[in-house]
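Listed below are the residues making up each chain.
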Amino acid sequence: MRSFIFTCLVFVAPAFAGDEPSLDIDPERVTVSGISSGGHMATQLHIAYSDLFSGVAILSGGPFNCAGNSLVTALKLCTTNTEDPLPIADLASGIRAAAAAGDIADPKNLRDDRVWLFRGTSDSKVSGLVHWGAADLYAEFVPAEQIRRVDNIDADHVFPANGRGNSCHEVVKPYVGDCGYDGAGELLGFLYPGLAEPKHAQVGDLLSVELPGAAEADLMETAHLYVPNACADGAQSCALHLVLHGCDQSTEAVGDHFIALSGYLPWAEANAIVLAFPQVSKSVALPMNPHGCWDWWGYTGDDYAWRTGAQQTVLVDWIRSLKD
């Protein structure tokens, strides 16, 4: 089996607290995507803050609050499970109850959102039963024509790319696979219809910025921004897309390889989409998170899935600071 990684051509340029770029972000064009644990976090953010996000892309993830604040449930029901049906009706009722209690936004906000879901047909880490449970749950709140299910790509548990990464069937760092399928372009094109092909896009520098409150939420204090040339200094109103890596896929684990190889950057440059790349810290102390996974089962607190959840609060505050 072939195993190769294209050379990363992204230069990371520092920025300092109080010196972040001045941006003009269109509040109607803020979206999020994530793979694996990042997929779980993406749907948590989208549903908890449906008044902020207008769309989501989930790669090899699962439905909102699948784990129910239990690592045991997360491992038994929400990963490789192929036998136990997911309680979709109960999860939908839980979303409505949480909204009524003020723990998450009103799910009526989801009615005009777009939802893109991808699972490789050879995925060995997240079963089809689990992943497509996320699609079934969204179908309770989002019209069918606004949900796209991509289920015909022969890929394992990797971020699908075209001409970049390792073999599509090797689950090895940086977990980007050359699947002959441009996952980043496809998901961005669905969330933002009418994008231009990035044929001549010249990718610029990746900025390193301080993420306020990160340490208290088990996140890395340094996050990254990609600001297209058209968006610099607030030159025009731009979209903003939040990208959430998977376990063992942060810059601490793989450097900038996921960011550079996944394919987001050329599409962002060609279409005036600011990209935000927060990072999860690894931890071998309690609560243990040795692989740097996003919290989708409760290691940062019982409210991890609600608007008050530690990681969600940090990310949303950061996004709001970028667009305000």
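Residues numbered from 1 in each chain as written. Predicted model: local features only at pLDDT ≥ 70, side-chain atom pairs only at ≥ 80, totals over all residues. Heavy atoms only, no water.

**Overview of the overall build of the protein chain**
The number of helices and strands found in the protein chain is nine helices and twelve strands. In summary, the protein chain has a C-alpha radius of gyration of 18 Å against a globular reference of 20 Å for 324 residues, a match within 12%. Expressed as lengths along the three principal axes of its C-alpha atoms, the size of the protein chain is roughly 45 × 45 × 45 Å. Sorting the 324 residues of the protein chain into buried and exposed places 57% on the buried side. Sequence separation of 24 or more characterises 72% of the internal contacts of the protein chain that already satisfy a separation of 6 or more. Placing the 18 positive and 40 negative side-chain charges of the protein chain at their respective mean positions leaves the two points 6 Å apart. (Helix = DSSP H or I, 4+ residues; strand = E, 2+ residues; numbered from the N terminus. Rg over C-alpha atoms; globule rule 2.2 N^0.38 Å. Buried < 20%, exposed > 50% of the residue type's maximum accessible area, 1.4 Å probe, protein only. Contact = heavy atoms within 4.5 Å. Lys, Arg positive; Asp, Glu negative; His and termini not counted. Charge placed at Lys NZ, Arg CZ, Asp CG, Glu CD.)

**Digging into the confidence of the model for the protein chain**
Per-residue confidence for the protein chain gives a mean pLDDT of 94, with 94% of residues at or over 70. Counting contacts from residues 1-8, a segment whose pLDDT is below 50, to residues more than four positions away or on other chains yields 25 contacts. (pLDDT = per-residue confidence, 0-100.)

**Some words on the pattern of salt bridges**
Taken as a whole, this structure holds four salt bridges when the rule is applied. Residue arginine 96 is joined to glutamate 140 by a salt bridge in which the shortest nitrogen-to-oxygen separation is 3.8 Å. Of this pair, arginine 96 sits in helix α3 (residues 88-100) while glutamate 140 sits in the loop between α4 (128-138) and β5 (147-150), and the two are 44 residues apart along the sequence. Given the relative accessible area of 39%, arginine 96 is considered partly exposed. (Salt bridge = Lys/Arg side-chain N within 4 Å of Asp/Glu carboxyl O.)

**Regarding empty space enclosed by the protein**
Going through the model one piece at a time under the given rule, you end up with one cavity of 30 Å³ or more. Roughly 40 Å³ of internal volume is contained in the largest cavity. Contributing to the lining of the largest cavity are Val243, His245, Gln249, Ser250, Thr251, Gly255, Phe258, Ile259, Phe277, Pro278 and Gln279. Each residue belonging to the lining of the largest cavity can be placed in one class, and the counts come to five nonpolar, six polar and no charged. (1 Å grid on protein atoms, 1.4 Å probe; cavity = no way out; pocket = protein on both sides within 12 Å on 5 of 7 lines; lining within 4 Å. Points joined across faces, edges and corners; volume = space filled by probe spheres on them. Nonpolar A, V, L, I, M, F, W, Y, C, P; charged D, E, K, R; others polar.)

**Focus: the nonpolar core**
Leu45, Phe53, Leu219, Leu242, Leu244 and Trp318 are the most contacted members of the largest nonpolar core, which has 70 residues in total. Each residue touching leucine 242, except ones within four places of it in the same chain, is listed here: Thr31, Val32, Ser33, Leu45, Phe53, Ala276, Pro278, Leu315, Trp318 and Ile319. Of all hydrophobic cores here, the second largest spans 38 residues; its members include Ala161, Tyr181, Tyr226 and Phe277. (Core = buried A, V, L, I, M, F, W, Y, C linked by side-chain atoms within 4.5 Å.)

**Here's the deal with the state of the cysteines**
The full count for this structure, using the stated rule, is four disulfides. Cysteine 168 shares a disulfide with cysteine 179; S-S distance 2.0 Å. What sets the handedness of the cysteine 168 and cysteine 179 disulfide is the S-S torsion sign, and at about 95 degrees it is right-handed. Taken together, the positions of cysteine 168 in the loop between β7 (166-167) and β8 (176-178) and cysteine 179 in the loop between β8 and α5 (183-191) put the pair eleven residues apart, joining distant regions of the chain. This pair shows no difference in class: cysteine 168 is buried, exactly as cysteine 179 is. (Disulfide = S-S within 2.5 Å.)

**Some points on the pairing of strand β11 (residues 237-244)**
Counting buried residues in β11 gives seven out of eight residues, a clear majority hidden from the surface. Pairing between strand β2 (residues 24-35) and β11: seven bridges, direction parallel. Of the residues in β11, the one forming a bridge with glycine 34 is leucine 244. With four bridges connecting them, β11 and strand β12 (residues 273-277) associate as parallel partners. In the strand pairing of β12, alanine 239 is matched with isoleucine 273. (Pairing = 2+ DSSP bridges.)

**Brief notes about unusual backbone geometry**
Going from lysine 173 to proline 174, the amide bond is cis rather than trans, its omega being 5 degrees. In this fold, proline 174 is placed in the loop between β7 and β8. One non-glycine residue, aspartate 218, lies in the positive phi region at around 60 degrees. Residue placement: aspartate 218 occurs in the loop between β9 (206-210) and β10 (222-226). Classification of aspartate 218 as partly exposed rests on a relative accessible area of 23%. Although it is not a glycine, aspartate 233 adopts a positive phi angle of roughly 60 degrees. When you line up the elements, aspartate 233 lands in the loop between β10 and β11.

**Brief notes about the layout of surface pockets**
Roughly 560 Å³ of volume is contained in the largest pocket. Residue lining of the largest pocket: 23 residues in total, with Ser36, Lys125, His157, Cys247 and Cys293 positioned closest to the centre. Looking at the lining of the largest pocket, the elements that each hand over two or more residues are α1 (37-48) and α2 (71-77). In terms of residue class, the lining of the largest pocket is built from eleven nonpolar, ten polar and two charged.

**A look at α5**
By the criterion of burial, α5 is predominantly enclosed, with seven of the nine residues buried. Listed in full, the buried residues belonging to α5 are Gly183, Ala184, Gly185, Leu187, Leu188, Phe190 and Leu191.

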